[in-house]
Amino acid sequence: MSSHYFGFSVLRNNGRNSTTSAVLNNAADISVIVVYFVVVLAVGVWAMVRTNRATVGGFFLAGRSMVWWPIGASLFASNIGSGHFVGIAGTAAAAGIAIGGFEWNALIVVVILGWLFVPIYIKAGVVTMPEYLKKRFGGQRIRIYLSVLSLFLYVFTKISADMFSGAIFINQALGLNIYIAVVLLLLITALYTVTGGLAAVIYTDTLQTIIMIVGSFILMGFAFHEVGGYENFQERYMIAVPSITGNISESCYEPRTDSFHIFRDAITGDLPWPGLVFGLTIQATWYWCTDQVIVQRCLSAKNLSHVKAGCILCGYLKLLPMFLMVFPGMISRILYADEVACVEPAECVKHCGASVGCTNIAYPKLVVDLMPNGLRGLMLSVMLASLMSSLTSIFNSASTLFTMDIYTKIRSSASEKELMIAGRVFILVLIGVSIAWIPVVQSAQSGQLFDYIQSITSYLTPPVAAVFMLAIFCKRVNEAGAFYGLMIGLLIGLSRMIAEFVYGTGSCVEPSNCPTIICGVHYLYFSIILFVVSCIIILVVSLMTKPIDDKHLYRLCWSLRNNTEERVDLEKEDWVDNQNSDDMDMEEPEGEPGFCKKAIMCFCGLEQKKAPTLSPEEQAELQKKLTDTTEVPLWRNIVNANALILLCVAVFFHGFYG
């Protein structure tokens, strides 16, 4: 017995896959995994010793010292989690290559990020995205709304989906109890986020990106060898159907006729082309250009040329998922049609415990069955790496949001040390919430994991993308316009989301009975409608209310980005660095701390030694360095030329597979 909601199937009987006996029972696999984890922790410790984590700028922005290649690798690794390996390969097994268009859309959007958005954020001198909106519009309500929405999205899309997909993989590969595996993984993940700050996250991301790409390439080679090359793959995919189909309609289990095309019919397509071109770009603009996880990576760069080069590297890396995830997912359907492409609900429950389909097991099944000993261990490491990489990024960025945007409202006179401790404690709270989510995630098995993530994003984020875009490119927009645009947009998005929760999205075998007027519009089209409505509301309300004076907007919007006059902030800062205040000296009398306290402080980067006190001139110089966007002309020209090449590559691939 199962019920469907939001594309998820909640099982009453918790059927488990019959093949979950441990496959990692040989020395080669186990030793590879052990060596891998030792290396990752060593890199984390090295970063921890090498960088300054005792300040807010050090822990959260890696001291503004990162060069382009770790930034590009970290952007890619933060974006690609096990949700991608499981979700993209699963959707590809079900419906063909169109899901790869979701990844390739990023090739264009990362250029928009590096060339249009980040220069403004750097000039504004901000650490978080809500902080930018507070400087741009004044008032607290937009900033708090955005912080809460971001944390909400982290828990309901990123953390839950990553843990769900990681759990499927571990369950397929190890036969381990999912709770034990995920709790262990979260503990290791938390360990090096809490101790290392952003520098540790960025360096370990770089290491894990290399491992992910190498391991995935090896698996792709094995998969193509198994089906006999690309042409055989195309032919065999189109005839990959399960042997047990009952009296279910052929359209539910036969591969789509447009499986090898990215651009699909605007009305009958499962991912219609106008939605893929326009609707997806709106979501991608929110994700790549205004999301804390991504922008924080860019703000840690040495200078603007390094930001742009990092974005270009990330763009080239984003070409890979089509070959490393989409094609292997489709090959898994060819090799294991009865399991991966099952359509009879009772059969699906037998194979993976979900009645609506088992496409989510496509990638884990390939790893467990195709890889030889040792390499199987490497691939499990890749999956754990991508899961940990996503979670470390989310934990670090969520703690930044909480500390700088919510905690400073409660304790405006908090010392820097108190903020650092609050950030680390919040990570532990997030982990508690994540572990509490495991039962929901475990029961929510369905063939639509990636659709679930994208649809929630479509319902909640277009108003945010609209606010950021207009804030930067239209200086007439004011606080009232932005706030009402966000609120009305949220109500429209929630009305669709709640309707889908109530009625469920159903499956091909058991369609949902949600009214067509509410659920009949494809989520990518809904995204376009919501974005346009939000923009109209923001502009109309702004034009009806008082504009913001230019003196408050210097270097905060595109038309005033090069103005050198001093900006008058609309709001005073919530938090000032109180490390020189007398009350702090009273609280902590000088004295040699005990061994235990010293060890814990060192471990968390909260050393006793105070940061050197800066004179007002030095403070101004430091601020100037942090907000500097000048580039060496040679490097500026090189990155600009590379951006044009990247855009040409994007057009070529879309045309070739279109």
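Look up: the structure comes first, before these words.
The sections below set out a description of the structure shown in this document. (Residues numbered from 1 in each chain as written. Predicted model: local features only at pLDDT ≥ 70, side-chain atom pairs only at ≥ 80, totals over all residues. Heavy atoms only, no water.)

## Quick look at the state of the cysteines
Summed over all chains, the structure comprises 1 disulfide. Residue pairing for Cys 342: its cysteine sulfur links by disulfide to Cys 348, the two sulfurs lying 2.2 Å apart. One quick way to see it: the torsion about the S-S bond of Cys 342 and Cys 348 is about 125°, and its sign makes the bridge right-handed. Neither Cys 342 nor Cys 348 differs from the other in exposure class; each is buried. Free of any disulfide, Cys 311 has its nearest neighbouring cysteine sulfur in Cys 298, separated by 4.3 Å. Residue Cys 311 is classed as buried on the basis of its relative accessible area of 1%. (Disulfide = S-S within 2.5 Å. Buried < 20%, exposed > 50% of the residue type's maximum accessible area, 1.4 Å probe, protein only.)

## Observations concerning a nonpolar patch on the surface
Nonpolar side chains collect at one region of the surface, where Phe 263, Trp 273, Val 277 and Phe 278 lie side by side and expose about 360 Å² of accessible area between them. You can see Phe 278 is positioned in helix H11 (residues 273–290). (Patch = residues over 30% accessible without salt bridge, like charges linked within 9 Å, V, L, I, M, F, W, Y side chains within 5 Å. Areas by Shrake-Rupley, 256 points an atom, 1.4 Å probe, with all protein chains shown as cover. Salt bridge = Lys/Arg side-chain N within 4 Å of Asp/Glu carboxyl O. Helix = DSSP H or I, 4+ residues; strand = E, 2+ residues; numbered from the N terminus.)

## Focus on the nonpolar core
If you look at the biggest cluster of nonpolar residues, it comprises 182 residues, and the most contacted ones within it are Tyr 121, Tyr 132 and Trp 288. Tyr 121 has contacts with Val 126, Met 129, Tyr 132, Cys 289, Thr 290, Val 295, Leu 299, Phe 468 and Ile 472, leaving out every residue within four places of it along the chain. (Core = buried A, V, L, I, M, F, W, Y, C linked by side-chain atoms within 4.5 Å. Contact = heavy atoms within 4.5 Å.)

## Examining the environment of Ile 244
Counting through the fold element by element, Ile 244 comes out in the loop between helix H10 (229–237) and H11. On the basis of relative accessibility, which here comes to 42%, the residue Ile 244 falls in the partly exposed class. Along the chain, Ile 244 and Asp 338 lie 94 residues apart, while their C-alpha atoms are 7.3 Å from each other. Those residues in contact with Ile 244 that sit more than four places away from it in its chain are Asp 338, Val 343, Glu 344 and Glu 347.

## Structural notes on helix H28 (residues 633–657)
Every α-helical turn comprises 3.6 residues, leaving residues that sit three or four positions apart pointing alike. With 25 residues, H28 extends 37 Å from end C-alpha to end C-alpha; this agrees with the ideal 36 Å at 1.5 Å per step. Buried within H28 we find Val 639, Ala 643, Leu 646, Val 649, Ala 650, Phe 653, His 654 and Tyr 657. Contacts made by the buried residues of H28 are with helix H5 (100–104), helix H6 (106–124), H10, helix H13 (304–317) and helix H14 (321–335). (Expected span 1.5 Å × (residues − 1).)

## Let's talk about empty space enclosed by the protein
A complete count under the given rule lists 7 cavities of 30 Å³ or more for this structure. Estimated volume of the largest cavity: approximately 490 Å³. As for the largest cavity, its lining consists of 28 residues, of which Asn 79, His 84, Tyr 287, Ile 453 and Gln 454 are closest to the centre. If one sorts the elements of the lining of the largest cavity by residue count, H11 sits on top with 6 residues. In the lining of the largest cavity, the residues fall into 13 nonpolar, 11 polar and 4 charged. (1 Å grid on protein atoms, 1.4 Å probe; cavity = no way out; pocket = protein on both sides within 12 Å on 5 of 7 lines; lining within 4 Å. Points joined across faces, edges and corners; volume = space filled by probe spheres on them. Nonpolar A, V, L, I, M, F, W, Y, C, P; charged D, E, K, R; others polar.)

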